[in-house]
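Working through the structure, step by step
For reference, the chains in residue letters:
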Amino acid sequence: MAARYSLILSKGTHLVDESTRRHVLTAIENGERIVEIPVDRYQDGMTTTATVVTSHVVAFFPLDAQEDVELPSNVTPLVRRG
């Protein structure tokens, strides 16, 4: 997975790629309550399937532009290390 976005949820952050971002946005637009997506939980390039409740999606932030974004104090962005 070439993670390009931080998926900010009400209780956590995951790294996702462009196709996953589109999949989640489509699910929200279609009124789906849940969506299964691959996520990079530990920022190691390995993915696992997660079931996400779409009402908990807060935002997507592109990884290359995060320094320009002022996040709320309760949100910690995750970026690939190494």
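Here the structure is a predicted model, which is why all the values come from computation and not from measurement. The numbering scheme is per chain: residues are counted from 1 as the chain's sequence reads. Reporting of local features is limited, given that this is a predicted model, to residues whose pLDDT is at least 70; pairs of side-chain atoms are given and counted only at 80 or more, and all residues count toward the totals for whole chains, interfaces and linings. Water and hydrogen atoms were dropped before computing side-chain values, which therefore reflect all heavy atoms in the structure.

For the rest of this paragraph, the subject is the overall build of the chain. Counting its regular elements, the chain contains one helix and five strands. Starting at the N terminus, helices and strands are each numbered in turn, a helix being any DSSP run of H or I of at least four residues and a strand any DSSP run of E of at least two. When the helices and strands of the chain are listed from N to C terminus, the series reads β-β-α-β-β-β. A total of 82 residues make up the chain; the buried ones form 35% of that total. Contacts in the chain between residues at least 24 apart in sequence constitute 47% of all its contacts with a sequence separation of at least 6. Computed by Shrake-Rupley with a 1.4 Å probe, the accessible areas treat only the displayed protein chains as cover when residues are assessed. On the chain, roughly 5,400 Å² of surface is accessible, and the fraction owed to carbon and sulfur atoms is 49%. The rule is simple: take the accessible area with a 1.4 Å probe, protein chains only, and divide by the maximum for that residue type; under 20% is buried, over 50% is exposed, in between is partly exposed. Pairs of residues are marked as contacts when any of their non-hydrogen atoms sit within 4.5 Å.

Take the number of residues in a helix, subtract one, and multiply by 1.5 Å to get its expected span. Given a rise of 1.5 Å per residue, 12 residues ought to cover 16 Å, and the 16 Å separating the end C-alpha atoms of helix H1 (residues 18–29) matches this to within 8%. For H1, the set of buried residues is Glu18, Thr20, Val24 and Ala27. On its buried side, H1 packs onto strand E1 (5–9), strand E2 (12–16), strand E3 (34–39) and strand E5 (57–62). In the stretch just after H1, Gly31 is the one whose phi turns positive, near 75 degrees.

This part takes up the environment of Pro38. Take Pro38: it is sitting in strand E3. Distance in space between the C-alpha atoms of Pro38 and His14 is 9.6 Å, their sequence separation being 24 residues.

So, about the pairing of E3. The side-chain alternation of E3 yields one buried face, formed by Val35, Ile37 and Val39, and one unburied face, formed by Ile34, Glu36 and Pro38. Two strands qualify as a pair provided DSSP detects at least 2 bridges between them. The pairing of E3 with strand E4 (residues 48–53) spans six bridges and is antiparallel. Looking at E4, one finds that Glu36 is bridged to Thr51.

Bringing the nonpolar core into the picture now. Take the buried residues of types Ala, Val, Leu, Ile, Met, Phe, Trp, Tyr and Cys, join any two whose side-chain atoms come within 4.5 Å, and each joined set is a nonpolar core. Among the nonpolar cores identified, the biggest contains 13 residues, and Leu7, Val16, Ile37, Val52, Val57 and Phe60 are the most heavily contacted of them. Elements with a contribution of two residues or more to this core: E1, H1, E3, E4 and E5. With residues up to four places along the chain from it excluded, the contact list for Val57 reads Leu7, Ile8, Leu9, Val24, Ile28 and Val52.

What follows covers the packing of aromatic side chains. The way to describe two aromatic rings as a pair is by their centre distance and the angle between their planes. The rule is short: rings of Phe, Tyr and Trp, with Trp giving its six-membered ring, pair when the centres are within 6.5 Å, and they are stacked under 30 degrees, edge-to-face over 60, tilted in between. Inspection of every chain in the model, using the stated rule, returns one aromatic pair. Aromatic side chains Tyr5 and Phe60 sit 6.5 Å apart centroid to centroid with 85 degrees between the ring planes, which places their arrangement in the edge-to-face category. Of this pair, Tyr5 sits in strand E1 while Phe60 is found in strand E5, placing the two residues 55 residues apart along the sequence. For Tyr5, a relative accessible area of 12% corresponds to the buried category. The ring of Tyr5 is capped by Arg21, whose NZ or CZ atom sits 5.0 Å from the centre of that ring. Working rule: Lys NZ or Arg CZ, within 6 Å of ring centre, within 35 degrees of ring normal, means a charge sits over the ring.

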